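Chain residues, written in single-letter form:
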Amino acid sequence: MAQEMLIFGMGYTGTRLREALLERGWRVTGVRREASEGVLAFDDVAGVRAAIARATHILSSVPPDAAGDDPVLACYGTDIATALARWAGYLSSTGVYGDTGGAWVDEGAPLGSGRRSARARADAEWQMLRAAVTIFRLPGIYGPGRSALDRVREGRAHRIALPGQVFSRIHVDDIVSAMLASFDGPHGVYNIADNAPSSQNEVIEHACILLGLPYPPLHTLDDVKLNPQARAFYAENRRVANGRAKRILGWHPRYPDYRTGLSELAAASD
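What you are looking at is a predicted structure, and each value in this text was computed from that prediction instead of being measured. (Residues numbered from 1 in each chain as written. Predicted model: local features only at pLDDT ≥ 70, side-chain atom pairs only at ≥ 80, totals over all residues. Heavy atoms only, no water.)

Observations regarding helix 2 (residues 45–54)
Next, step 1: Gly 47, Val 48, Ala 51 and Ile 52 are the residues of helix 2 that are buried. The arc that holds every buried residue of helix 2, seen down its axis, measures 135 degrees, which confines them to one face. Among the exposed residues of helix 2, those oriented more than 90 degrees off its buried face are Ala 46 and Ala 53.
Next, step 2: At its buried positions, helix 2 is contacted by strand 1 (4–8), strand 2 (27–32), strand 3 (39–41), strand 4 (57–60) and helix 3 (71–82). (Buried < 20%, exposed > 50% of the residue type's maximum accessible area, 1.4 Å probe, protein only. Helix = DSSP H or I, 4+ residues; strand = E, 2+ residues; numbered from the N terminus. Arc of directions from axis to C-beta. Contact = heavy atoms within 4.5 Å.)

Shown next, in the form of structure tokens:
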């Protein structure tokens, strides 16, 4: 039987998954705001419902909207809940854990205390949607065209004086490999992060070294004009544990830390 993936949200990660599945001979249909080749418009209700009905696998990478609601669940939740697909997944965020003061968090940590309360609600709603749903909680995503290297090249990188502030990250291709590993594994909730939480300054400085460029000046948070989303990033401090995915799915990141990921990206752009 042919494998067919339906992806709600053909953004950075969804597109990367699509490419990987097509290489493996899958059929892939995407859903986003406007239709294009191989992609349905979100408001094409008949077309989307038909795609849900024939899909063997369904993934949503769509975040909550401005009102805090999950648009996929609002429009198509009932269809997905009753679909015959043998796998359903949702890309959530490690932001659901809130600030831990730099402590490690695993999948058993309490949710909803941070800035991502709407995401925490969506995470819980997807878990209850079907008997078997796989939730991937993701930290900051980087990869080709979207990394500290690009920010440094474009003059958008900042170094902020916040001693002790750390965060986790994940290369987009390691998200894809985790999803592929989950297709034949137990459903559940998985943190998909690299092995080495570190400060934003360390990442920016390593990118500068790879590019042969000077470090950006070190500023206080109040000195730098950041948008609310970027500023909120610095309000939380946590280390994300990935042991469950390793133990249960047999997944291991190809890029276990920012050094290996950035070094390969830099080499590919030479």
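Topic: the environment of Ile 52
Next, step 1: Structurally, Ile 52 is set in helix 2.
Next, step 2: A C-alpha to C-alpha distance of 6.6 Å links Ile 52 and Ala 83, two positions 31 residues apart in sequence.
Next, step 3: What Ile 52 contacts, discounting residues up to four positions off in sequence, is Leu 6, Phe 8, Ile 58, Tyr 76, Asp 79, Ile 80 and Ala 83.

Re the pairing of strand 5 (residues 87–93)
Next, step 1: Strand 5 sits mainly inside the fold: seven of its seven residues count as buried.
Next, step 2: Alternating positions in strand 5 separate into two faces, Trp 87, Gly 89, Leu 91 and Ser 93 on one and Ala 88, Tyr 90 and Ser 92 on the other, with burial throughout.
Next, step 3: The pairing of strand 4 with strand 5 spans four bridges and is parallel. Looking at strand 5, one finds that Ser 60 is bridged to Tyr 90.
Next, step 4: Crossover connection from strand 4 via helix 3 to parallel strand 5: handedness right-handed.
Next, step 5: Direction of pairing for strand 5 relative to strand 7 (residues 134–138): parallel, over a ladder of five bridges. In the sheet register, Gly 89 faces strand 7, and the bridge partner there is Thr 134. (Pairing = 2+ DSSP bridges. Right-handed = clockwise from strand over helix to strand, strands pointing away.)

A look at the side chain of Asn 201
Next, step 1: Along the chain, Asn 201 turns up in helix 7 (residues 200–211).
Next, step 2: On the basis of relative accessible area, Asn 201 is assigned to the buried category, the value being 16%.
Next, step 3: Sequence-distant contacts of Asn 201, that is, excluding residues within four places in its chain, are made with His 158, Arg 159, Ile 160 and Leu 218.

Points about the packing of aromatic side chains
Next, step 1: Inspection of the entire model under this criterion finds six aromatic pairs.
Next, step 2: An angle of 10 degrees between the planes, with centres 5.2 Å apart, marks the rings of Tyr 90 and Trp 126 as stacked. Here Tyr 90 is found in strand 5, whereas its partner Trp 126 is found in helix 4 (residues 117–129), with 36 residues between them in sequence. Like Tyr 90, the residue Trp 126 is buried in the burial classification.
Next, step 3: Among the aromatic residues, those joined into a ring-pair cluster are Trp 26, Trp 87, Phe 136 and Phe 183.
Next, step 4: Over the ring of Phe 167 we find Arg 169, and its NZ or CZ is 4.4 Å from the ring centre.
Next, step 5: The residue whose ring lies beneath Arg 244 is Tyr 190, and the NZ or CZ to ring-centre distance is 4.8 Å. (Phe/Tyr/Trp six-rings, centres within 6.5 Å; stacked < 30°, edge-to-face > 60°. Lys NZ or Arg CZ within 6 Å of the ring centre and 35° of its normal.)

Considerations on the pattern of salt bridges
Pairing of side chains with opposite charge becomes possible as their charged atoms draw close.
Next, step 1: This structure, assessed with the given rule, holds eleven salt bridges.
Next, step 2: Ionic pairing is found between Arg 169 and Asp 194, a salt bridge with its closest N-O pair at 3.2 Å. Remark: Asp 194 occurs in the loop between strand 11 (188–191) and helix 7 and Arg 169 occurs in strand 10 (residues 169–171); sequence separation between them is 25 residues.
Next, step 3: Its relative accessible area of 4% is what places Arg 169 among the buried residues.
Next, step 4: Assessed through its relative accessible area of 1%, Asp 194 is described here as buried. (Salt bridge = Lys/Arg side-chain N within 4 Å of Asp/Glu carboxyl O.)

As for the nonpolar core
Next, step 1: Within the largest apolar cluster, 25 residues are counted, with the highest numbers of intra-cluster contacts made by Met 5, Leu 17, Leu 59 and Ile 192.
Next, step 2: Of all the secondary structure elements, the ones that give two or more residues to this core are strand 1, helix 1 (12–23), strand 5, strand 7, helix 6 (172–182) and helix 9 (243–249).
Next, step 3: The dominant element in this core, judged by the number of residues it contributes, is helix 6, at four residues.
Next, step 4: Apart from the residues lying within four places of it in its own chain, the contact partners of Ile 192 are Phe 136, Arg 137, Leu 138, Pro 139, Ile 170, Asp 174, Ile 175, Ala 178, Ala 245 and Trp 251. (Core = buried A, V, L, I, M, F, W, Y, C linked by side-chain atoms within 4.5 Å.)

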